[in-house]
Structures are given as structure tokens and as C-alpha cells.
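# Reading the structure
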Amino acid sequence: ATTKINTLAGSLNRFTQVEQLSNGNILFTWDTGLFSGSEYVMRRFTMNGTAVDANQISIRTLAGITTAEYECKIATNANGKFMLFISSNGQNYKAMIFNNDAAMPNSVFVPAQAGPTNTHYDKTTYIKTLPNGKFLLVYRKQLTTDVATRSIAYKIYNDDGTIAKDEVVYNTIYSWGYIG
């Protein structure tokens, strides 16, 4: 049977991401287009389509983001946790770690800045769960106000939100390209 994932009508309802959690439930995130043209929300369902969350949950509100969001990526681990990695119209990336069944995050933090203050930020995010249950965050970082300094950087986080490996700026890419 068809299951409707949104509980509020959005203007766009696009950029859907989906991952299965370690407890078997399915997590959806998507952009509703409701806040300044972009607001990501999430909602979980059992495998048979029964809603775990009565309503869609605003990721922007939980993360304390006051501007439009550009991307929201999901990673899950076998330890009953998942992480959301978010880019928005601002200097900082945001991340949140949840227990599979929790409506509120265990941890909300700024894993990185996209670049110096008062710079045009060209953000791109990638997230992956490593075999040890830690989360790898890869993102674009601008090292100076010169857009030619766009670089790829990464950090590794434990599933409690603490840093396992601090930021490594890997390479200057001179590109607007996608990370994936």
C-alpha cells in the first residue's frame, strides 16, 4: 500500500533521502520548500508503513538554523544511532546525532565552517558510516576569501558526537563540483 510521508503540504517536497535504521525502521528526510524556499524535515516509519513520528519533524528547528537549508544527508550505524549532516545559507555546517527512536537529537554541533566570515559559501556535503560505527563527514571548505581556494576537508565523529579525527583539509579542488 502507498504511504504518504509528509503531514504538511509543502511547496516543493523534493530532495528525498531515505535510510534504514538498525532497528528496521525507515527514516525519510526531504525539503518541503516552506521556509525561505527550503526547509528539511524528517519522519520515521516501520517496515509495514506505520508512522513512528506522528508528524514530520523540522530539522531546521532542531538544529537551530535560522536560514534556508541546502542539503541534508543521512548516515546510520549498527549501534542504534543516525547522523544528519546539514548545509544551510550561512557560514557553518550543522550536524545532529539521534538514537533511532528519539524525536530529539542527542547532540547538535557545528562540525566545520565553510570559510571565512563574509564570504560566498559554496557548500557541499557527504556523509558515510564507517565499519567501526563512526561517521565520516566530507565537505567543501574555502580557505580564504578567494573562491579559488575551495578545498575538500573531512572529519570523523564518534556516534556520541565527539571528534574521533579532527579536520583534515585534503586538497584544493578549484571547482564547484559535487562530492560523492
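Our subject is the structure listed above.
Structural notes, computed from the coordinates. (Residues numbered from 1 in each chain as written. Predicted model: local features only at pLDDT ≥ 70, side-chain atom pairs only at ≥ 80, totals over all residues. Heavy atoms only, no water.)

## So, the overall build of the protein
The secondary structure content of the protein amounts to 1 helix and 12 strands. The secondary structure elements of the protein, listed N-terminal to C-terminal, are β-β-β-β-α-β-β-β-β-β-β-β-β. Out of the 180 residues in the protein, the part that is buried amounts to 51%. Once local pairs closer than 6 in sequence are excluded, the contacts in the protein between residues at least 24 apart make up 43%. About 8500 Å² of surface is accessible on the protein, with carbon and sulfur atoms providing 51% of the total. (Helix = DSSP H or I, 4+ residues; strand = E, 2+ residues; numbered from the N terminus. Buried < 20%, exposed > 50% of the residue type's maximum accessible area, 1.4 Å probe, protein only. Contact = heavy atoms within 4.5 Å. Areas by Shrake-Rupley, 256 points an atom, 1.4 Å probe, with all protein chains shown as cover.)

## Quick look at the pairing of strand β2 (residues 26-31)
For β2, the tally of buried residues reaches 6 of 6 residues, placing the bulk of the element in the interior. Every second residue of β2 is oriented toward a common face, with Ile26, Phe28 and Trp30 on one face and Leu27, Thr29 and Asp31 on the other, all of them buried. Here 5 bridges tie strand β1 (residues 14-20) to β2, and the two strands are oriented antiparallel to one another. Counted as the bridge partner of Gln20 is Ile26 from β2. With antiparallel pairing between neighbouring strands as the criterion, β1 and β2 make up a hairpin whose turn holds 5 residues, including Gly24 at a positive phi of roughly 95°. Where β2 lies against strand β3 (residues 40-45), 6 bridges are found, and the strand directions are antiparallel. Following the sheet pairing, Ile26 is matched in β3 by Phe45. (Pairing = 2+ DSSP bridges.)

## Some remarks on the pattern of salt bridges
One pass over the structure, following the stated rule, counts 7 salt bridges. In this structure, Lys73 engages Glu71 in a salt bridge whose closest nitrogen and oxygen atoms are separated by 3.6 Å. Comparing Lys73 with Glu71, the two get one shared label, buried. The closest approach of N and O atoms between Asp159 and Lys81, which form a salt bridge, is 3.8 Å. (Salt bridge = Lys/Arg side-chain N within 4 Å of Asp/Glu carboxyl O.)

## A look at the pairing of strand β9 (residues 125-129)
Pairing between β9 and strand β10 (residues 135-142): 5 bridges, direction antiparallel. Pairing of Lys128 across the sheet is with Leu136, part of β10. Between the antiparallel neighbours β9 and β10 lie 5 residues, among them Gly133 with a positive phi of about 90°.

## Some points on the packing of aromatic side chains
The tally for this structure, following the rule as stated, stands at 6 aromatic pairs. With centroids separated by 5.8 Å and ring planes inclined at 80°, the aromatic side chains of Phe28 and Phe45 adopt a geometry described as edge-to-face. Here Phe45 lies in strand β3 and Phe28 lies in strand β2, a separation of 17 residues in the sequence. Each of the two residues, Phe28 as well as Phe45, counts as buried. Ring geometry for Phe85 versus Tyr139: centroids 6.3 Å apart, planes at 75°, classification edge-to-face. Of the two residues, Phe85 is situated in strand β6 (residues 81-88) and Tyr139 in strand β10; the sequence distance between them amounts to 54 residues. Considered together, Phe85 and Tyr139 belong to a single accessibility category, that of buried residues. Aromatic ring contacts, followed pair by pair, group Phe85, Tyr93 and Tyr139 into a single cluster. (Phe/Tyr/Trp six-rings, centres within 6.5 Å; stacked < 30°, edge-to-face > 60°.)

The values reported here are purely geometric and, on their own, carry no functional implication.
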